[in-house]
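Spelled out, the chains give:
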Amino acid sequence: MSAPDEVDGARLAPQLIWDLPTRVFHWLLAACVLGAWLTAESERSRMLHVALGYSAGLLVAWRLVWGLLGSRYARFTDFVKSPAAALAYLRGYLPAAMRKGRPQTHYLGHNPAGGWAVLALLSAVSLAVVTGYVNYQDDSAEIWGELHELVGNGIMLLVGLHVAAVVATSVLHRENLVRAMVNGYKRARSGEGIPGAFTLLGLLLALAVLAFAWQVYTGKFPALTS
Ligand code: HEM
Ligand code: HEM
């Protein structure tokens with residue numbers, strides 16, 4: 001999968017696109033959601049399930065703030081586009097796949113369809129946390145358990161679609177999107193990258209989420225777990 005060296009005569013070179021808080025957010029969210037799903041069934045792993053679930057909730061809350069204050073490509077204004085724009089993007093997708101070419105429009109941040117996937121994933125995780133919280137109360141009606149399980153499984157469906165779309169887009173654009181979510185870099189024109197990675201903030205976010213998960217796990221937040 002080799003990326004082109006030039007687009008419209010402009011030379012491409014690695015530029016920083018995803019700041020560290022966005023990358024930390026992504027991989028910790030993926031770990032918490034997958035972990036919560038894997039620990040969902042057994043009574044014995046319930047505290048771990050709850051700790052991972054609430055940590056996913058904390059990450060989503062953080063992402064809402066970072067979507068307003070973060071660097072260029074992390075901001076909602078960069079990637080939340082109209083449903084019509086998302087459909088137009090998707091319409092270019094299939095013909096491009098069949099011609100084995102690249103879709104005409106390339107986005108350095110999330111593409112307009114991906115933007116809606118981000119909102120769907122954030123909303124679904126929030127719903128799982130709220131229904132999980134209610135379900136965990138002693139006197140909660142059975143329907144909350146059913147609803148929570150439905151949302152939890154719905155998330156995994158969305159994640160499956162998400163990963164498939166990431167792989168397909170990486171192939172179509174000959175660009176490794178997973179690597180970019182790890183190291184932050186994509187090939188772009190000079191001036192298109194962000195000036196800094198917010199490294200300290202990214203490290204603090206990681207520490208805060210790990211500390212929070214541990215505190216919930218060890219019962220230090222009785223308001224959430226009793
Ligand atoms: C439970 C699992 C996962 C969840 C909940 C999840 C959620 C998300 C969210 C919310 C974003 C938006 C990032 C942001 O702007 O903050 C995103 C982007 C992304 N995710 Fe995931 N993800 C999951 C698993 C994965 C996995 C396993 C991969 C690897 C194949 C992956 C690859 C990516 C990539 C490459 C992007 C950036 C897409 C782009 O370039 O527009 N994700 N994911
Ligand atoms: C990303 C977040 C979460 C996901 C993906 C998730 C997923 C699930 C799934 C799929 C089940 C059904 C297991 C089964 O019986 O087959 C479940 C059960 C459960 N979850 Fe979550 N969950 C999340 C967050 C939470 C949170 C924050 C809590 C809060 C306290 C919670 C509390 C529970 C409880 C108590 C059950 C047992 C339900 C019962 O057997 O009635 N979950 N979860």
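For clarity, every value in this text was computed on a predicted model and none was experimentally measured. Within any chain, residue numbers begin from 1 and follow the written order of that chain's sequence. Following the order in which they are written, the chains are lettered starting with A and the ligands numbered starting with 1. Totals for whole chains, interfaces and linings use all residues, but because this is a predicted model, local features are given only for residues with pLDDT of at least 70 and pairs of side-chain atoms are given and counted only at 80 or more.

A. Examining the site of ligand 1 more closely. Of all residues adjacent to ligand 1, which total 21 residues, the nearest are Ala-30, Val-33, His-110, Leu-177 and Met-181. Elements with a contribution of two residues or more to the shell around ligand 1: α1 (20–38), α6 (112–136), α7 (142–172) and α8 (177–183). Here a helix means four or more residues in a row that DSSP labels H or I, a strand means two or more in a row labelled E, and each is numbered from the N terminus. Here the shell around ligand 1 gets seven residues from one element, more than from any other, and that element is α1. Partitioned by chemical class, the residues of the shell around ligand 1 number 15 nonpolar, five polar and one charged. Any residue whose C-beta atom, as placed from the backbone, lies within 6 Å of a molecule or strand is termed near it. Asp, Glu, Lys and Arg are counted as charged, while Ala, Val, Leu, Ile, Met, Phe, Trp, Tyr, Cys and Pro are counted as nonpolar; the rest, among them Gly, fall into the polar class.

B. The site of ligand 2, seen in detail. As a matter of local geometry, ligand 2 sits amid 23 residues, with Ala-40, Gly-53, Gly-132, Gly-145 and Gly-152 nearest to it. Those elements giving two or more residues to the shell around ligand 2 turn out to be α1, α2 (46–69), α6 and α7. For the shell around ligand 2, the element with the highest residue contribution is α6, accounting for seven residues. Of the residues contributing to the shell around ligand 2, the split by class is 13 nonpolar, eight polar and two charged.

C. Geometry of unusual backbone geometry. Backbone geometry places Arg-174, a non-glycine residue, at a positive phi of 45°. Even without a glycine there, the phi angle at Phe-198 is positive, about 55°. By secondary structure assignment, the location of Phe-198 is in the loop between β4 (185–188) and α9 (199–217). Accessibility expressed as a C-beta count within 10 Å gives 19 for Phe-198, which makes it partly exposed. Exposed residues have 12 or fewer other C-beta atoms within 10 Å of their own C-beta, buried residues have 20 or more, and partly exposed residues fall in between, where C-beta atoms are placed from the backbone.

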